[in-house]
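Take a look at the letters that make up each chain.
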Amino acid sequence: EEMREAYMRESIRAAVKKGYQRIAVICGAWHVPALQQYQDATLTKNDPKLLPIPSKRKLLTTWVPWSNSRLSFLSGYTAGVPSPGWYEHLWESPNEAFIRWVIRAAQLLRSENLDASSASVIETVRLSQMLAVLRGISFPGMEEANQAIQTVLCRGETAGLNLIRRRLEIGEKFGQVPSEAPMVPLQKDLENWQKGKLKVSAEDTVLEIDLRDDLDRGRSQVLQRLNLLGIPWGTTVGQKSRGTFKETWKLHWDVAYVVTLIQRSIWGSTIETAASNFVAYRADATEELSALALLLNQTLPAQLPKAVEIILEQIHAKSALASDVRSLMDCLPPLTEIARYGDVRGTKSDEILSLIRAC
């Protein structure tokens, strides 16, 4: 903390030396008192001693798109905005903001097949205004809104209020980064898929995939590989049979995935390469046979032959030395499920069948 503030004070001093008269500093409010002391003689003398001598190196910086959920306190960012959706509403609706807010809440509840009548909207507004009068404030705030909405519109239940908080009070908007902004190769590879092939949305969307179609099969592979990298953009829902031609995915994009993607870039410059190398690393670090079988079960749909080969080698090696019969039995269900694959993906099950026989 001291180093950060010393560096910022030094930056202010450098701007002053250049002759600038009006200097604007963009920072968190926490640092303001420390920066106001940039003219202090003792700090001016000691700040350079706190800063390490910078070494010359080439750096590539990039932008990460942010979202309302990442701005809010729910993300754990304690210097964030508690209710970005609410403040955006106040900015965009200066006239009768609270009445419009209750109407939006009622519309959201109706869209989820929850009862929210016009009479309830009127009573919610009245109750919130009465709460404001009792508390000596001229305008109902977020606290009055939540209490009135939960009491009337949500009939005392918290489920509807949680929905309103997530979708309205916080919101699901996220920013965009210019296409010319620098990106790590792995991030660029994913962006190529997101252009016209997989739509990015902060809201839940459903994607139907036909594995007989080349484009759809590619979409499924990308989503499977991202899951292996710890980026659960999509989850399969509905029919789980491996022999069908159809897959149903529920997609939900979170801007935090971009950060994870950048972290995973050490494993490769493409999604396929990074997922394959990362799975190989996980297989090497996994000791339990059942966990290896589960990893194999997750890897096969992603069409990563090198990773599959490494996992099979690990299973062969560990099953030959395993004396725990239960571990071997735990290994069988995932392998059996893999052996039941159809030929839509072109998955080879010969080695798996021989492994099942060995177990």
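What counts, and where the lines are drawn
- Residues numbered from 1 in each chain as written.
- Predicted model: local features only at pLDDT ≥ 70, side-chain atom pairs only at ≥ 80, totals over all residues.
- Heavy atoms only, no water.
- Phe/Tyr/Trp six-rings, centres within 6.5 Å; stacked < 30°, edge-to-face > 60°.
- Helix = DSSP H or I, 4+ residues; strand = E, 2+ residues; numbered from the N terminus.
- Buried < 20%, exposed > 50% of the residue type's maximum accessible area, 1.4 Å probe, protein only.
- Patch = residues over 30% accessible without salt bridge, like charges linked within 9 Å, V, L, I, M, F, W, Y side chains within 5 Å.
- Areas by Shrake-Rupley, 256 points an atom, 1.4 Å probe, with all protein chains shown as cover.
- Salt bridge = Lys/Arg side-chain N within 4 Å of Asp/Glu carboxyl O.
- Pairing = 2+ DSSP bridges.
- Core = buried A, V, L, I, M, F, W, Y, C linked by side-chain atoms within 4.5 Å.

Trainee: Tell me about the packing of aromatic side chains, residues and numbers included.
Mentor: Under the counting rule described, the total for this entry stands at six aromatic pairs. Relative to Trp253, the ring of Trp233 lies with its centre 5.0 Å away and its plane at 75°, an arrangement referred to as edge-to-face. With Trp233 in the loop between α11 (214-228) and β2 (234-237) and Trp253 in the loop between β3 (246-251) and α12 (256-264), this residue pair connects regions lying 20 residues apart in the sequence. The exposure classification of Trp233 matches that of Trp253, with both residues buried.

Trainee: Account for a nonpolar patch on the surface, with residues named and values stated.
Mentor: Residues Val16, Tyr20, Ile23 and Val25 make up a contiguous nonpolar surface patch of roughly 340 Å² in combined accessible area. With respect to the element layout, Tyr20 can be found in the loop between α1 (2-17) and α2 (32-35).

Trainee: Outline the pairing of β3, listing residues and values.
Mentor: Sheet topology places strand β1 (residues 205-210) next to β3; six bridges connect them, and they run antiparallel. Bridging from a neighbouring strand, Leu207 pairs with Trp249 of β3. Relative to β3, β2 is paired through four bridges, and the arrangement is antiparallel. Bridging across to β3, Thr235 finds its partner in Lys250.

Trainee: I'd like a rundown of the nonpolar core, residues and numbers included.
Mentor: In this structure, Leu226 and Trp233 are the most contacted members of the largest nonpolar core, which totals 38 residues. Judged by nonpolar contacts, the second largest core, of 20 residues, contains Ala106, Leu108, Cys154 and Leu161.

Trainee: Describe the pattern of salt bridges, with residues and values.
Mentor: Applying the stated criterion to the full structure yields 16 salt bridges. Put simply, Lys173 and Glu88 hold a salt bridge, and the shortest N to O gap is 2.6 Å. Of this pair, Lys173 sits in the loop between α9 (159-170) and α10 (185-194) while Glu88 sits in helix α5 (residues 84-92), and the two are 85 residues apart along the sequence. Here Glu88 falls in the partly exposed class, since its relative accessible area comes to 25%. Here Asp216 ties to Arg219 by a salt bridge, and the two come within 2.8 Å at their closest N and O atoms. Note that Asp216 and Arg219 are positioned in helix α11 at a spacing of three residues, about one turn of the helix. Across this residue pair, the class does not change: Asp216 and Arg219 are buried. Here the residues in one salt-bridge network are Arg9, Glu10, Arg13 and Asp47, joined through shared partners.

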